[in-house]
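Each chain, written out:
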Amino acid sequence: MRILFFGRGVISTQYAWAFEKAGHTVEFYVRKGRKETFGSNIELEMWDARRGKQLIKESWNVKLHEEMSPNYDLIIVSVNTEQLPEAAQLLSTAAGNTPVLIFNNVWQDLKSSISPLSLNNVVFGFPGGGGGIADNRLRGGFLKILFLEKPRVGTEHINNKIKELFESAHFKISWIKNMQNWLWNHFAMNAAMETEVLRRGSFPALINHRASFANVGLNMREMIPVLKARGAKLDAISLMLTKIPPALLGTLFNKVIFAKGSLPRLFVEYNNSKAGFAVLEVVREARKLGIPLPRLSVAFENTEQHTAFHMQSQRK
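All values reported here derive from a predicted model rather than from experimental measurement. (Residues numbered from 1 in each chain as written. Predicted model: local features only at pLDDT ≥ 70, side-chain atom pairs only at ≥ 80, totals over all residues. Heavy atoms only, no water.)

S.K.: Can you break down the nonpolar core residue by residue, with the values?
M.R.: M223, L227, V282 and L293 are the most contacted members of the largest nonpolar core, which totals 37 residues. Sorting the residues of this core by element identifies α6 (179-200), α7 (203-207), α8 (212-229), α10 (246-257), α12 (277-289) and α13 (294-300) as the ones contributing at least two each. The biggest single contributor to this core is α6, with eight residues. One finds I3, F5, I42 and L74 within the second-largest nonpolar core, a separate group that totals 36 residues. (Core = buried A, V, L, I, M, F, W, Y, C linked by side-chain atoms within 4.5 Å. Buried < 20%, exposed > 50% of the residue type's maximum accessible area, 1.4 Å probe, protein only. Helix = DSSP H or I, 4+ residues; strand = E, 2+ residues; numbered from the N terminus.)

S.K.: Run through the side chain of E285, naming residues and quoting values.
M.R.: Following the sequence through the fold, E285 ends up in helix α12. Judged by its relative accessible area of 17%, E285 is buried. Setting aside residues up to four positions removed in sequence, E285 forms contacts with W107, V226 and R230. (Contact = heavy atoms within 4.5 Å.)

S.K.: Requested: an account of the pattern of salt bridges, with residues and values cited.
M.R.: Enumeration over the complete set of coordinates arrives at 14 salt bridges. One salt bridge in this structure joins R137 and E45, with 2.4 Å as the shortest N-O distance. With R137 in strand β10 (residues 137-143) and E45 in strand β3 (residues 41-49), this residue pair connects regions lying 92 residues apart in the sequence. In this structure, the salt-bridge partner of R284 is E281, at a minimum N-O distance of 3.4 Å. One end of the pair, R284, and the other, E281, are both in helix α12, three residues apart, so they sit about a helical turn from each other. Exposure remark for E281: the relative accessible area of 15% places this residue in the buried category. (Salt bridge = Lys/Arg side-chain N within 4 Å of Asp/Glu carboxyl O.)

Rendered as structure tokens:
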């Protein structure tokens, strides 16, 4: 299969590597000027957990394009959430009828999040991995499992194509019946974590501070009225974050879920992305609904996004 990844981020790079090893052709679309900046290879230091726990260290050659053509079997989009509207706009004119996998966090309703693309040509999923890229060196990894929405009427052929692709590379799919609800819950969880990242200063600081996950639980509790106002139902992770006492939740995350040496912990420690956008989106929605979010708002006040948001509100 010939696959185009939209962007050469940490998720795109890792899955592209896995697909190439499985015999597929993988290429990347990057913005103008990035081809020269990125160069023709990237240094990999990542954990592959499909068959046990294997550390991959290699210099991997990649093929980058600054123009897009429709000559692919599948396009996979994994970008920063704020970049998704721009990506969808470009794909609507340049991708032709090539099916698209949105491998991304989404807070909007699914249809508007990818407008003007047609829902009939798009499938939504979410990766099981993480990490970061600095100085053309990727540190991170991926698990065996990933998440994919169950077929909608009209997308069965795309789902089957994506299923065959991931299974050919020895990944296991967890099928999600209501992807909209799943993504709303997941986005809120990200906002709860990013709120604490803003307080601590970085993702590694979050993971290494004992009180962080107790606070993540409190942040999540604060957002429940926003989720319910949207019509979302709390999933198992959201219920855990909101029902377990904060002190016990902190112990559970620190000792079990993000235990020292675990891959989920490493993925967060390697994450060097800029936090704040998920918090902005939830705060923006809460203000429209008239729902107070004191914990999120305080953490958000000293960010660049807050300054831009405040100026935008004044102009209105």
